[in-house]
Amino acid sequence: MADASRQRAYRSRWFEFLTPVPRGWRLVLGALVWIVFFGLWETAVSRGWVNALLVPSPVDVVATLYELFAERSFLGDVGISIARIVGSFLVACIIAIPLGILMGSFKTVEALFNPFVSAWRYLPAPAFIPILLMWFGTGELPKLALLFLGVIFFLTTLIMDHTSQVRTELIETAMTLGGKRWQILWTVVVPAVLPNVLTSMRQMLAIAWTYLVIAEIIASTTGIGAMMMRARRFLNTDEIMAGILIIGVLGLSFDLLFRWSQRVLFPYLGQEGD
């Protein structure tokens, strides 16, 4: 009787604000929403609620995905897309992280760069496609440049905002103890903001994946996006769906990698990786 009361009391807390959910239940609930999604999708196709030519069933998409990998060397396209994402994202991080930390730490640096960064942040990256093609031709550079432009300005702004929120008393204490400007930056500000830098990188990497297909339609013959564009010409919607599924799986994999890295590098934060 007491156990039943405890179970009822526990279940009543599921919808409490900020109440943590046990890891087992997180996995169950996360799997449940996908089961419902694919179940509704399969039902809609099998009952004729949608045109099967335009919306193939999940079973057909999985079969096509197997064919792409087993018979059509799709793994090479996936590898090329990952290389483009990782390469452009790393270059953006190399510039955005130090610049964002400096802008958040020193108001003079912010006053110098923020008007420029803010202006570019509101320009849609795909608008640069024509001029990137004129500048760099149809090789790899315009694709990498588009992915780079889609990330760097937002990432810089996020890191600047997080850096400006570092607790003032930490900096004032270091100054009282005789810390020099660059000592305080490296030993106080940077360690304090690093967890949020990793969070910002995780958020912006998701944005980079959303630009992948746009980048790979720029006169490309390789990559996930190029495969999807070829499939569009022949109305192979199952291949398009397979490409979307792979991008989603890859994006989720990188997201989980960032969550794991954050738990390993900053265990003192006691995060669940959200």
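From a predicted model like this one, the values you see are computed outputs, not experimental measurements.

Caption draft 1: Seen up close, the UniProt feature "transmembrane region" (unreviewed entry) in the protein chain. As recorded in UniProt, the feature "transmembrane region" (unreviewed entry) lies at residues 24-41, 81-106, 118-138, 144-161, 182-201, 207-228 and 240-260. Across residues 81-106, helical content stands at 96% and strand content at 0%; the span's end C-alpha atoms are separated by 37 Å.

Caption draft 2: Structural detail: the packing of aromatic side chains. Under the criterion given, the structure shown has 13 aromatic pairs. Centre to centre, the rings of Phe38 and Trp41 are 5.8 Å apart; their planes meet at 20°, and the pair counts as stacked. Placement of both Phe38 and Trp41 in helix α2 (residues 23-46) is noted, with a separation of three residues, approximately one turn of the helix. In textbook terms, an aromatic cluster arises when at least three aromatic residues are bridged by ring pairs, as seen for Trp34, Phe37, Phe38 and Trp41.

Caption draft 3: Seen up close, empty space enclosed by the protein. In this structure the tally under the stated criterion is one cavity of 30 Å³ or more. In this structure, the largest cavity encloses a volume near 50 Å³. Taken together, Trp120, Arg121, Leu123, Ala125, Phe128, Leu149, Gly150, Phe153, Phe154 and Tyr211 make up the lining of the largest cavity. Those elements that place two or more of their residues in the lining of the largest cavity are α5 (107-121) and α7 (141-164). Take the lining of the largest cavity: its biggest share by element is four residues, from α7.

Caption draft 4: Main features of the nonpolar core. With 57 residues, the main nonpolar core has Phe74, Phe89, Leu155, Met201, Leu205, Trp209 and Ile224 as its most contacted residues. Look past the residues within four positions of Phe74 in its chain and what remains in contact with it is Leu65, Leu68, Phe69, Ile224, Met227 and Ile246.

Caption draft 5: View of the pattern of salt bridges. Applying the stated criterion across every chain, the model contains eight salt bridges. Between Asp255 and Arg259 there is a salt bridge; the shortest N-O distance is 3.0 Å. In this pair, Asp255 and Arg259 are both assigned in helix α12 (residues 237-265), four residues apart and thus about one turn of the helix distant. Asp255 gets classed as buried once you look at its relative accessible area, which sits at 17%.

Caption draft 6: Expanded view of a nonpolar patch on the surface. On the surface, Val21, Trp25, Val28, Leu29, Leu32, Val36 and Leu40 cluster together into a nonpolar patch covering about 600 Å² of accessible area. With respect to the helices and strands, the residue Trp25 is situated in helix α2. Using a relative accessible area of 37% as the deciding quantity, one classes Trp25 as partly exposed.

Caption draft 7: Seen up close, α7. Taking 1.5 Å as the rise per residue, α7 with 24 residues should run 34 Å; its terminal C-alpha atoms sit 34 Å apart, in good agreement. Within α7, 17 of the 24 residues are buried, leaving the element largely enclosed by the surrounding structure.

Caption draft 8: Just the confidence of the model for the protein chain, in detail. Of all residues in the protein chain, 92% have pLDDT values of 70 or greater, and the mean over the chain is 87. When pLDDT is averaged over each helix and strand of the protein chain, the minimum, 57, is found for helix α1 (residues 2-11) and the maximum, 95, for helix α4 (residues 74-105).

Caption draft 9: Quick look at the packing of α4 against α7. Their axes nearest at 7 Å, the elements α4 and α7 cross at an angle of 30°. Classified by the angle their axes make, α4 and α7 are roughly parallel. Judged by the twist between their axes, the crossing of α4 over α7 is right-handed. Of the residues contributing to the contact of α4 with α7, the split by class is 19 nonpolar, seven polar and two charged.

Caption draft 10: Local environment of the packing of helix α3 (residues 58-71) against α12. Where α3 meets α12, the closest approach of the two axes is 9 Å, and the angle between their N-to-C directions is 80°. One element, α3, and the other, α12, form an angle in the roughly perpendicular class. Contacts from Val61, Thr64, Leu65, Leu68 and Phe69 of α3 reach α12 at Asp238, Glu239, Met241, Ala242, Leu245 and Ile246. Looking at side-chain class alone, the contact of α3 with α12 contains eight nonpolar, one polar and two charged residues.

Definitions and cut-offs
Residues numbered from 1 in each chain as written. Predicted model: local features only at pLDDT ≥ 70, side-chain atom pairs only at ≥ 80, totals over all residues. Heavy atoms only, no water. UniProt positions renumbered as here; feature names shortened; annotations may be inferred. Helix = DSSP H or I, 4+ residues; strand = E, 2+ residues; numbered from the N terminus. Phe/Tyr/Trp six-rings, centres within 6.5 Å; stacked < 30°, edge-to-face > 60°. 1 Å grid on protein atoms, 1.4 Å probe; cavity = no way out; pocket = protein on both sides within 12 Å on 5 of 7 lines; lining within 4 Å. Points joined across faces, edges and corners; volume = space filled by probe spheres on them. Core = buried A, V, L, I, M, F, W, Y, C linked by side-chain atoms within 4.5 Å. Buried < 20%, exposed > 50% of the residue type's maximum accessible area, 1.4 Å probe, protein only. Contact = heavy atoms within 4.5 Å. Salt bridge = Lys/Arg side-chain N within 4 Å of Asp/Glu carboxyl O. Patch = residues over 30% accessible without salt bridge, like charges linked within 9 Å, V, L, I, M, F, W, Y side chains within 5 Å. Areas by Shrake-Rupley, 256 points an atom, 1.4 Å probe, with all protein chains shown as cover. Expected span 1.5 Å × (residues − 1). pLDDT = per-residue confidence, 0-100. Axes fitted to C-alpha atoms, helices over the stretch in contact; angles between N-to-C directions. Parallel < 35°, antiparallel > 145°, perpendicular 65-115°, else oblique. Left-handed = near helix turned anticlockwise from the far one by under 90°. Nonpolar A, V, L, I, M, F, W, Y, C, P; charged D, E, K, R; others polar.

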